[in-house]
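Topology and contacts: notes
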Amino acid sequence: MDTNLTLHTDKYQMNMMYAHWKQGTLYHKAVFEIFFRKLPFGNGFAVFAGLERAVHYLQNLQFTQVELNYLRQQEEQYDEAFLQLLEQFRFTGNVHAVAEGSLVFAGAPLLRVEATMFEAHLIETALLNFINFQTLIATKAARVKQAAGEDQLLEFGTRRAQETDAALWGARAAYISGFHATSNMRAGMLFGIPVQGTHAHAWVQAHDSEAEAFARYAETFPNYVTLLVDTYDTLQSGVPEAIKVGQALAAQGKRMRAIRLDSGDLAYLSKRARQMLDEAGLDYVKIVASNDLDEHIITELKSQGAQIDSWGVGTQLITAADQPSLGGVYKLAAREVPGREGYVPVIKISGNPEKLTTPGVKQVYRLINKTTGKAEADYIALDDESDVQQGSKVKLFDPIHPYIYKYLDNYEASPLLQPVIVAGELVMELPTLQQIRAFHEEQKAMFWPEYLRKLNPEKYRVSLSVKLWELRQRLITENSK
Ligand SMILES: Nc1ncnc2c1ncn2[C@@H]1O[C@H](COP(=O)(O)OP(=O)(O)OP(=O)(O)O)[C@@H](O)[C@H]1O
Ligand SMILES: O=P(O)(O)OC[C@H]1O[C@H](OP(=O)(O)OP(=O)(O)O)[C@H](O)[C@@H]1O
Ligand SMILES: O=C(O)c1cccnc1
């Protein structure tokens, strides 16, 4: 299967490219930004993911003869000279983005593209596709992590994922947000994620008895065995048979690793199993649970005193079952206008006030309180505003209710949008996945727990600079005439 993603775009992008080419405006530059309007799952933050995939995509864009031949026959209106120009196509623009693993919030730009109209249109669809999915799954995983605390989290979703890419990139997103391992071996191979696995019911069913199945498995993996104990009767047969195997291994100086529960009342069964294992001298044997788990069930099981050490989470995580998409958008913020200097800010006004965009080329700063070291707010300003960079007093106000405000001056401002690609060239060293995961953990520590809790979190402040707010008001007035 061809892996060239250049035509991984919506037709209207290609049509707009064609129209810009026809109208002679293809080299006019534009600034687009990606942001989302609403946090998913009622969470207090999202976890930004998808940048590495976006970078590789941008660097590998190329219309080969295969793509050009398809375009030729797909749309007869496309002129041959346009197709010839596409043959030379490379991404030559600039990209600024927030680091993967960052905590991000509604309304603030996550990624900024500065490129010709021609280039900027082509890439919208794919960038949103990568970032919306990966950010969504990373955020869901962060919620599961919030529920599981320090317990081990295993990502088991591949079989129920929306096809291969979702399984693969979902496994990576989950790892960023603190999962410890995946069951997907290809994700392990490609990304270096630790891989773990137990065994399925089929292993037990493939033997004449559960006892024989367990014994054969333990013989094969004497230093490593986790036994699935719910094929027939968890407490009457599964756990007692697993205990026999564990004791036999112990007699050889080996330690059985774990048992896995995959059905029934996981709180009750895990408590009983723990007691039985402990009484048999196997207090080191861990208990893994799986079966349609999510952050709510994990919280509930913990509150019931479940004795579960590791959680295998599949379907609910990989499909983000309670909210299967993130509504990230890619909006024009400024453009070159012949005869005018620099970029001219543009706005989109909609019948739906929520869809109003914030104009101009912007930066977003995380304001860290110098005394507490904690994040106070995100502050969106025009890229050339210097007050915030110098740490001058800033006014923080709610962009929808500007009469609600406070001033802040004891802060460190950290610009979140960092240069990633300049003139088509990668200018940053992409962090390793381990670094991204560690960075995510560090970032979380910069937020008060009130913003991190998964139920009814406090709303973290995202403010516009006064200058930006005034610009927006002016453009609303000008465009409403
Ligand atoms: N003590 C518990 N409190 C709350 N939810 C639980 C508890 N134990 C299990 N669950 C969850 O309840 C859901 C359904 O469990 P149920 O016991 O009906 O399934 P099951 O016995 O495994 O049946 P099946 O074999 O069809 O999967 C699962 O999502 C499971 O994780
Ligand atoms: O429940 P999830 O969170 O998706 O976790 C993965 C599930 O996949 C396996 O089950 P299998 O595919 O054999 O189906 P099952 O649901 O009948 O156990 C495993 O035993 C888990 O139950
Ligand atoms: O290793 C496991 O136990 C596993 C892997 C994938 C799906 N369910 C379980």
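Keep in mind the model is a prediction, meaning the values are calculated, not measured.

1. A word on the overall build of the protein chain
- When helices and strands are tallied, the protein chain shows 16 helices and 21 strands.
- The C-alpha extent of the protein chain, read off along each of the three principal axes, is 85 × 60 × 40 Å.
- Carbon together with sulfur atoms contributes 50% to the accessible area of the protein chain, which is approximately 22,000 Å² in total.
- Distance from the positive charge centre (49 side chains) to the negative charge centre (57 side chains) of the protein chain: 4 Å.

2. Focus on the pairing of strand E9 (residues 258-261)
- Here E9 shows two buried faces, one formed by Ala258 and Arg260 and the other by Ile259 and Leu261.
- Note that strand E8 (residues 226-228) and E9 share 3 bridges and pair parallel. Each residue of the ladder has a partner; that of Leu228, found in E9, is Arg260.
- Following the chain from E8 across helix H10 (residues 234-251) to the adjacent parallel E9, one finds a crossover that is right-handed.
- Both E9 and strand E10 (residues 286-289) contribute to a ladder of 4 bridges, which runs parallel. Residue pairing in the sheet places Leu261 in a bridge with Ala289 of E10.

3. Some points on the UniProt feature "domain: Nicotinate phosphoribosyltransferase N-terminal" (unreviewed entry) in the protein chain
- The UniProt feature table records "domain: Nicotinate phosphoribosyltransferase N-terminal" (unreviewed entry) at residues 7-132.
- End-to-end, the C-alpha atoms of residues 7-132 are 19 Å apart, and along that stretch the chain is 44% helix and 17% strand.

4. Looking at the site of ligand 2
- The immediate surroundings of ligand 2 are formed by Phe156, Arg159, Arg160, Arg260, Asp262, Asn291, Asp292, Leu293, Val313, Gly314 and Thr315.
- Between Arg160 and ligand 2, the recorded distance is 2.6 Å, taken from a side-chain N or O atom to an oxygen atom.
- Contact between ligand 2 and Asp262: an oxygen atom at 2.7 Å from a side-chain N or O atom of the residue.

5. Looking at the site of ligand 1
- For ligand 1, the set of nearby residues contains 13 residues, the closest of which are Ser263, Asp265, Leu266, Asn291 and Gln304.
- Taking Asp292, its main chain carries an N or O atom lying 3.2 Å from an oxygen atom of ligand 1.
- Taking Gln304, its side chain carries an N or O atom lying 2.8 Å from a nitrogen atom of ligand 1.
- By residue number, the principal contributor to the shell around ligand 1 is helix H12 (residues 295-303), which donates 3 residues.
- Looking at the shell around ligand 1 residue by residue, the classes come out as 5 nonpolar, 4 polar and 4 charged.

6. Notes on the side chain of Glu385
- By the secondary structure assignment, Glu385 is in the loop between strand E15 (375-382) and strand E16 (394-397).
- The side chain of Glu385 sits in the buried core without any salt bridge; Lys467 is the nearest counter-charge, 5.4 Å away.
- A polar atom in the side chain of Glu385 sits 2.9 Å from the backbone nitrogen of Leu382.
- Looking at Glu385, its side chain comes within polar contact range of the side chain of Ser465, at 2.6 Å.

7. Side note on the pattern of salt bridges
- Tallying each qualifying case throughout the model produces 21 salt bridges.
- The partner of Arg216 in a salt bridge is Glu219, with the nearest N and O atoms 3.2 Å apart. Of this pair, Arg216 and Glu219 both sit in helix H9 (residues 210-220), separated by 3 residues, roughly a single helical turn.
- Accessibility expressed as a relative area gives 55% for Glu219, which makes it exposed.
- Of the charged contacts, one joins Asp262 and Arg260 as a salt bridge, the two residues approaching to 3.6 Å between their closest N and O atoms. In this structure, Asp262 and Arg260 share a single accessibility class: buried.
- Through salt bridges with shared partners, one network takes in Lys140, Arg143, Glu295 and Asp322.

8. Considerations on the environment of Pro399
- Among the secondary structure elements, Pro399 is positioned in the loop between E16 and strand E17 (405-408).
- Residues Pro399 and Val462 lie 63 residues apart in sequence; the distance between their C-alpha atoms is 8.3 Å.
- What Pro399 contacts, discounting residues up to four positions off in sequence, is Val462, Leu464, Trp469 and Arg472.

9. Brief notes about H9
- What H9 keeps buried is the set Glu210, Ala213, Phe214, Tyr217 and Ala218. Projection of H9 onto a plane perpendicular to its axis shows the buried side chains occupying an angular sector of 125°, all on one side. Exposed residues lying more than 90 degrees from the buried face of H9 are Glu219 and Thr220.
- In this structure, the buried residues of H9 make contact with helix H8 (201-205), E8 and H10.

10. So, the packing of helix H1 (residues 11-23) against helix H4 (residues 80-87)
- As a packed pair, H1 and H4 sit with axes 11 Å apart at the nearest point and diverge in direction by 110°. When the axes of H1 and H4 are compared, the pair comes out roughly perpendicular. For the pair formed by H1 and H4, the contact residues are Met14, Met17, Tyr18 and Trp21 on the first element and Ala81, Phe82, Leu85 and Leu86 on the second.
- Across the contact of H1 with H4, the residue classes tally to 8 nonpolar, no polar and no charged.

Conventions and cut-offs
Residues numbered from 1 in each chain as written. Chains lettered and ligands numbered in written order. Predicted model: local features only at pLDDT ≥ 70, side-chain atom pairs only at ≥ 80, totals over all residues. Heavy atoms only, no water. Helix = DSSP H or I, 4+ residues; strand = E, 2+ residues; numbered from the N terminus. Areas by Shrake-Rupley, 256 points an atom, 1.4 Å probe, with all protein chains shown as cover. Lys, Arg positive; Asp, Glu negative; His and termini not counted. Charge placed at Lys NZ, Arg CZ, Asp CG, Glu CD. Buried < 20%, exposed > 50% of the residue type's maximum accessible area, 1.4 Å probe, protein only. Pairing = 2+ DSSP bridges. Right-handed = clockwise from strand over helix to strand, strands pointing away. UniProt positions renumbered as here; feature names shortened; annotations may be inferred. Near = heavy atom within 4 Å. Polar contact = N/O pair within 3.5 Å; in protein donor to acceptor, adjacent residues only side chain to side chain. Nonpolar A, V, L, I, M, F, W, Y, C, P; charged D, E, K, R; others polar. Salt bridge = Lys/Arg side-chain N within 4 Å of Asp/Glu carboxyl O. Contact = heavy atoms within 4.5 Å. Arc of directions from axis to C-beta. Axes fitted to C-alpha atoms, helices over the stretch in contact; angles between N-to-C directions. Parallel < 35°, antiparallel > 145°, perpendicular 65-115°, else oblique.

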